[in-house]
Every structure is written in structure tokens, then in C-alpha cells.
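Here is what each chain is made of, one letter per residue.
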Amino acid sequence: MKILLFIFLSLSFSPFCLSQQKQLKKVNFLPSWVAQSQFAGYYMAKEKGIYEKYGMDVTIISGGYDKQVSEYLKEGKADFGTMYLTSAIKERADSINLVNIGQVFQQSGIMFVAKKESGIDRIEDFSGKKIAVWRTVLEEMTVGFLNKNHINADVIRINEGVNIFLKNAVDICVGMSYNEYNRLVNFGMNRDELSVFCLKDFEMGFPEDGIYCMEETIQEDPVLCENFVKASMEGWEYAFSHREETVQVLRKIQKQENISDNLTHLTWMLDGVQQLIKPAGEKNVDEGELLKTDYEKAVKFLLDEKVIDMETEFNNFYRGFVKNGQR
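A brief look at the structure comes next. Note that this is a predicted model, so its numbers are computed, not measured. (Residues numbered from 1 in each chain as written. Predicted model: local features only at pLDDT ≥ 70, side-chain atom pairs only at ≥ 80, totals over all residues. Heavy atoms only, no water.)

### Describing the overall build of the protein
A tally of helices and strands in the protein yields 15 helices and 10 strands. What you see for the protein is a C-alpha radius of gyration of 22 Å, in line with the 20 Å of a compact globule of 327 residues. The principal-axis extents of the C-alpha atoms in the protein amount to approximately 85 × 45 × 35 Å. Residues counted as buried form 51% of the 327 residues belonging to the protein. Within the protein, counting contacts between residues at least 6 apart in sequence, those at least 24 apart form 80% of the total. Surface accessibility of the protein: about 15,900 Å² in total, with carbon and sulfur atoms responsible for 49%. The positive charge centre, built from 38 side chains, and the negative charge centre, built from 48, are 4 Å apart in the protein. (Helix = DSSP H or I, 4+ residues; strand = E, 2+ residues; numbered from the N terminus. Rg over C-alpha atoms; globule rule 2.2 N^0.38 Å. Buried < 20%, exposed > 50% of the residue type's maximum accessible area, 1.4 Å probe, protein only. Contact = heavy atoms within 4.5 Å. Areas by Shrake-Rupley, 256 points an atom, 1.4 Å probe, with all protein chains shown as cover. Lys, Arg positive; Asp, Glu negative; His and termini not counted. Charge placed at Lys NZ, Arg CZ, Asp CG, Glu CD.)

### With respect to the environment of Ser32
Mapped onto the elements, Ser32 comes out in the loop between β1 (25-30) and α3 (40-47). Residue Ser32 is classed as partly exposed on the basis of its relative accessible area of 25%. For the pair Ser32 and Gln68, spaced 36 residues apart in the sequence, the C-alpha separation amounts to 7.5 Å.

### Observations concerning the pattern of salt bridges
Under the defined criterion, the tally for this structure stands at 18 salt bridges. Between Lys148 and Glu203 there is a salt bridge; the shortest N-O distance is 4.0 Å. Note that Lys148 is positioned in helix α7 (residues 137-148) and Glu203 in the loop between β9 (194-198) and β10 (210-214), a separation of 55 residues in sequence. Linking Glu287 and Lys278 is a salt bridge whose minimum nitrogen-to-oxygen distance equals 3.5 Å. Exposure remark for Glu287: the relative accessible area of 37% places this residue in the partly exposed category. (Salt bridge = Lys/Arg side-chain N within 4 Å of Asp/Glu carboxyl O.)

### As for unusual backbone geometry
Located in the positive-phi region is His150, a residue other than glycine, with phi close to 55°. With respect to the element layout, His150 can be found in the loop between α7 and β7 (154-158). In this structure His150 comes out as exposed when scored by relative accessible area, which is 73%. The backbone of Lys306 sits at a positive phi, close to 60°, despite the residue not being glycine. Topologically, Lys306 is positioned in the loop between α14 (292-304) and α15 (314-317).

### Overview of the sheet that holds strand β8 (residues 172-176)
Pairing is mixed across the open sheet formed by five strands, whose spatial order is β7-β6-β8-β5-β9. Every interior strand has two partners, whereas the edge strands, β7 and β9, have only one. Geometrically, the sheet is characterised by an average inter-axis angle of 30° between neighbouring strands, direction not taken into account. One ladder, built from five bridges, connects strand β6 (residues 130-134) with β7; its direction is parallel. Bridge pairing in β7 places Ala132 opposite Ile156. Where α7 meets the sheet, it contacts β5 (110-115), β6, β7 and β8, and its direction lies at approximately 145° from that of β6. (Pairing = 2+ DSSP bridges. Axes fitted to C-alpha atoms, helices over the stretch in contact; angles between N-to-C directions.)

### Comments concerning the side chain of Gln38
Structurally, Gln38 is set in the loop between β1 and α3. Assessed through its relative accessible area of 5%, Gln38 is described here as buried. Looking at Gln38, its side chain comes within polar contact range of the side chain of Gln36, at 2.7 Å. Within the structure, Gln38 has its side chain in polar contact with the side chain of Tyr178 (distance 3.3 Å). Ignoring any residue separated from it by four or fewer positions in sequence, one finds Gln38 in contact with Ser32, Phe105, Tyr178, Asp209, Trp236, Met269 and Val273. (Polar contact = N/O pair within 3.5 Å; in protein donor to acceptor, adjacent residues only side chain to side chain.)

The structure is reproduced here in C-alpha cells:
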């Protein structure tokens, strides 16, 4: 018995087993915000050992206002991160050599919400109104939307939340279909009391969360980049197939990071995110693919709004592992 135990321990700590452990590539990943269902696939890929299966030891850095994904990538603090398509195009035009290696969201979830009692029924009714918007890329999209539609409104920049809208300090708030809209309902607003205007219905449905890295990263280790995308998409499949487990895992992480939330909202958000990742019947697109047409629409908008003054060729910007982006 002692001999068998000795052999087992010897094999367990043999150079072969140690080398197997050392083969895991250490990777830092920065989502664009704190832990929530918007990033469920990445957290579940880590939780269920999917990243390890693909040879990676992934650390997920908690995002927030103080952590700009493009800067973390540029400075080498993160290997991969999530960004909105329009933000990444802008950063690329500003000489940060970002590349998209996987377009996870295929649609925009940005929406304007107003109370019907305010008489706001059309976008023309935005004129002269106060609009609350987070100090994020949402601000750029809001200003661009107003300019594009020749609307003169007062943009009120806030840090987060919907309280300013609930207290009638503003007429309209900007939020995500999978997040703030549900929070308004949870705070007692009836859906039939709200007027909703989705950007995707006004030729601004630019897909949001994609996976980005620096150009140098994919040049130096294309296999690592491909594996990260594949493992992440597998994590998303697991999250959608195991909703209850997923929201429990996310809530555990949120508690560790002192993030206020609840299981009901996390579940609702997960459902909403799935609609953006897998839009039913609206697009002929493979998971993880950035369509050239989506890219060109986003570039045209940014050029028209003079946010950028030059265009990066699609094939230089998109280095994904789905090869049908020409559709």
C-alpha cells in the first residue's frame, strides 16, 4: 500500500505533470463594466474550466469608469477586453492599434425612454427636452443621434442609475434594453406608461460588445486569440443553457465585489443579452462574426459626425476567426 501511495505521489508531482500545469497561458481580460449578465459568457468560461480546456489561465479584471479598456490593452495591463464597435473604431482612428477578433453582440441595445404622460411620442418631441445619459460611449451615441436627426436637446451627464428620471428631473433617459429599462419597471413603472425609442430602429443599430486586443497580440500569438474567442463563445453557450446556475455564479461574484443586484434582474438581463447575441431571424450572421456592412455603417456615422477623420480598412480592423464578414 505504501509503495502504491509513493508511486501515485511521484506521478502527481512528476516533471511531466508540472509541465502540464505550466502550459496554461496566463491571460488578463477586462470587460467594459462590472460583473453582470452582460458578461456572463466570460465568467462561466472561467467558472467551468472552459478557458483551461483551451490552455489559458484567465484573470477577469472588474471593469468600471476608472478602467478604460483601450488604455489597459495599450499598456499591456489586459490582453483582451470588450468594447462597443463605435468606440473601438474611434480608438483605432486615434492611433491605438486595436483589432476586433470576435463580434459577440450582433445588435444594439441602446434605447431612449420617456414617460408617455410627458407627451413624447416621436423623436421630434425630443427638442428642448432634458436627456440623462451615462458618461460613457452612450454619451457619444446620444449626441450623434441628436445631431443626425437635427434635434436640439439638453444632454445631462450622469454617473449611473435611473433615479434622476424617476424623480422627473429629466424628460428622457438613455439606457440599455437589457438593463436600465427593466430597472424602471422594477421601480414601479408600467411598460404601457413608457415610450421607447431604440437606436436600431433609426439606422444606428451598430453592434456593441466585441472582443478586442492589440494588433501586436494577434501577430505574436494568433492561436491564443482564436482560443480565447472560441472558449468565450463556448462560455456563452453554457450560460444560456444553464441560466439558474449562471446567475447564481454572477451573484456570488457581485457579492465579493460589493455590487448591488438581485437574481431576478440578472436573469432578465441574461435573456435580453441573448437577444442581442442571437437575434432571431434578423441577420444572416455566424456567432462571433463582424459583418462588413455593420462596420461600414458605423464608420460612415462616425465620419459624418466628424468623430473620426479617417477610415481603417475592414480587413485591418476585423481579424476574427469567422471568415464570412464580406456579406
